[in-house]
Amino acid sequence: MRPLLLPLLALLLTTGSLSAADPIKATASFSILADIVERVGGDRVVVSSIVGPDSDAHTYSPTVGDARSVAKADIVFINGLGFEGWIGDLIAASGNDAPVITVTRDIEPLLIDGEADPHAWNDLTNGVAYAAAIKEGLSALDPDNAAVYAANQHAFAKEINELLARVQPRFAALPQNQRSVVTAHDAFGYFEAQFGLRFLAPVGMNTDAEPSARGLAQLIRQIKAEDIGGLFVENITNPDLVAQIAEETGLDIGGRLYSDALSAQGGPATSYLAMMHHNIATLLSTLSRP
C-alpha cells in the first residue's frame, strides 16, 4: 500500500453536522458492499465505493482520493474478517471519526486452516445479515428515517429468501459426481457450505498469494482422478491460470463467476442480487449437463 502521509491530511475535507434534509454520505470498502448499502439506504444515502467493480480488494492500494472520500463520509461500512487489510490505515489517515460499521460482526466466520474466511457475502443468508447491520448503522445515525431503512432491508431480505427457495432444490438435485467445482482462488467457501458443493482452487483466500508448482501439479492430478463438474474463471483474477488448468486437464471453462467484486455497468453482475443470480445460473447450467 502506498503510504498516506500525514501532511496530506491538510488537504482533506471534514464532514459537517448531519442535516435531516441532506442525504447521508456513506463510504463502503468495496463494490458488493456499496450496493447493499444503496439498497438499504435508498434515496436517503449517497454511497461511494473505495474498491470499484471488477477490482480486487485483496491487493488494492488506497489513494489520496480514497482518503478524501473517507474524510467526507458521515458513515463508513467495511466487510471485516481481514478482507480489507489496508482499511485501518486509510481511516486513520483520513482523520475522520465517523462511525465505522463492520457488517460481518454478527456472522460466525468459516475457518480455513484456522484463518477466518472473509468472503461471507457468498452465502445469501449472510447477505441478509449484512443488510441488517447496515440498517442498524444508518438508523443510529439518522433515527428519523429508521422506518425507511427497515422497510428497505425487509424488501431486500424478501428477495434473497425468494431466491434461496427457488434454487436450493436445484442444487440439492445435482448428482454427487457433478458437485465439484474449480475456480481461480478460494472465495466460495460460504457458497459451498450453503449449497452442498465442493470448490477447489490453486490459490488460497487471498489473491495476493501465488500457487506453488507442487500445489498446482497436485490439483491437476486431483482433477484428472476425480469427477469435476466445472471449471470457472473469476472477474478479479488473471484467467491464464485457469486456462492452463483447462489445457492440462481437458476440462472446458464453464464461464465467469463474480467472487469479490461486481461487474462494471453493462455486465451481468451490477448489483449483489444480480451477481448471485448470475453465479447461481452459471454454476447450475454447467453442473446440470449430462
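Residues numbered from 1 in each chain as written. Predicted model: local features only at pLDDT ≥ 70, side-chain atom pairs only at ≥ 80, totals over all residues. Heavy atoms only, no water.

A. How the structure looks around the overall build of the chain. Scanning the chain from terminus to terminus reveals nine helices and 10 strands. Over its C-alpha trace the chain gives a radius of gyration of 20 Å, about what one expects of a compact globule, namely 19 Å for 290 residues. Across its three principal axes, the chain shows a C-alpha extent of roughly 60 × 45 × 35 Å. Buried positions account for 50% of the 290 residues belonging to the chain. Partitioning the contacts of the chain with sequence separation of at least 6, the portion at a separation of at least 24 is 68%. Carbon and sulfur atoms form 51% of the exposed surface of the chain, whose accessible area is close to 12900 Å². Taken together, the 18 basic and 34 acidic charged side chains of the chain have centroids lying 4 Å from each other. (Helix = DSSP H or I, 4+ residues; strand = E, 2+ residues; numbered from the N terminus. Rg over C-alpha atoms; globule rule 2.2 N^0.38 Å. Buried < 20%, exposed > 50% of the residue type's maximum accessible area, 1.4 Å probe, protein only. Contact = heavy atoms within 4.5 Å. Areas by Shrake-Rupley, 256 points an atom, 1.4 Å probe, with all protein chains shown as cover. Lys, Arg positive; Asp, Glu negative; His and termini not counted. Charge placed at Lys NZ, Arg CZ, Asp CG, Glu CD.)

B. Summary view of the nonpolar core. F77, F191 and Y272 are the most contacted members of the largest nonpolar core, which has 69 residues in total. Not counting the four nearest positions on each side in its chain, F191 is found in contact with N122, D123, F171, L197, F199, M276, I280 and L283. Within the second largest apolar cluster, 16 residues are counted, among which are V203, L216, I220 and I245. (Core = buried A, V, L, I, M, F, W, Y, C linked by side-chain atoms within 4.5 Å.)

C. Looking closely at the packing of aromatic side chains. Summed over the entire model, instances satisfying the criterion amount to 11 aromatic pairs. Residues F188 and F199 carry aromatic rings whose centres are separated by 5.1 Å and whose planes lie at 15° to one another, so their mutual orientation is stacked. Of this pair, F188 sits in the loop between β7 (180-182) and α6 (189-195) while F199 sits in strand β8 (residues 198-200); the two residues are 11 residues apart in sequence, bridging distant segments of the chain. Comparing F188 with F199 shows no difference in burial state: the two are buried. (Phe/Tyr/Trp six-rings, centres within 6.5 Å; stacked < 30°, edge-to-face > 60°.)

D. A look at the side chain of T286. Of note, T286 is situated in helix α9 (residues 272-287). Judged by its relative accessible area of 6%, T286 falls in the buried class. Setting aside residues up to four positions removed in sequence, T286 forms contacts with Q178, G229, G230, F232 and G254.

E. Inspection of the confidence of the model for the chain at higher detail. The predicted model of the chain averages 91 in pLDDT, with 92% of residues at 70 or higher. Segment residues 1-17 is flagged for pLDDT under 50; beyond a separation of four residues in sequence, or across chains, it makes 33 contacts in the model. (pLDDT = per-residue confidence, 0-100.)

F. Representation of the pattern of salt bridges in the model. Here the structure, examined in full by the defined rule, presents seven salt bridges. The shortest N-O distance in the salt bridge between R105 and E136 comes to 2.6 Å. You can see R105 sitting in the loop between β4 (100-102) and β5 (111-112) and its partner E136 sitting in helix α4 (residues 124-141), a full 31 residues away along the chain. Looking at E136, the relative accessible area reads 41%, which means it is partly exposed. A salt bridge links R198 to E226; its shortest N-O distance comes to 2.4 Å. Taken together, the residues span a long stretch of sequence, with R198 in strand β8 and E226 in the loop between α7 (213-225) and β9 (230-234) at a distance of 28 residues. Here R198 falls in the partly exposed class, since its relative accessible area comes to 30%. Judged by its relative accessible area of 32%, E226 is partly exposed. Each of R105, D106 and E136 takes part in a single network of salt bridges with overlapping partners. (Salt bridge = Lys/Arg side-chain N within 4 Å of Asp/Glu carboxyl O.)

G. A look at the sheet that holds strand β2 (residues 45-51). The parallel open sheet is built from four strands, whose spatial order is β2-β1-β3-β4. With one partner strand each, in any of the chains shown, β2 and β4 form the two edges of the open sheet. Averaged over neighbouring strand pairs, the angle between their axes works out to 25° when direction is ignored. Relative to β2, helix α2 (residues 64-71) is tilted by about 150°, and along the sheet it contacts β1 (24-30), β2 and β3 (75-78). (Pairing = 2+ DSSP bridges. Axes fitted to C-alpha atoms, helices over the stretch in contact; angles between N-to-C directions.)

H. Expanded view of the packing of α2 against helix α3 (residues 87-94). Two elements in contact, α2 and α3, have axes separated by 8 Å at closest approach and are oriented at 65°. Taken together, α2 and α3 sit at an angle that is classed as roughly perpendicular. The chirality of how α2 crosses α3 is right-handed. Only L90, I91 and S94 of α3 make contact with α2, whose side of the interface consists of D66, A67, V70 and A71. Per-class residue counts for the contact of α2 with α3 are five nonpolar, one polar and one charged. (Parallel < 35°, antiparallel > 145°, perpendicular 65-115°, else oblique. Left-handed = near helix turned anticlockwise from the far one by under 90°. Nonpolar A, V, L, I, M, F, W, Y, C, P; charged D, E, K, R; others polar.)

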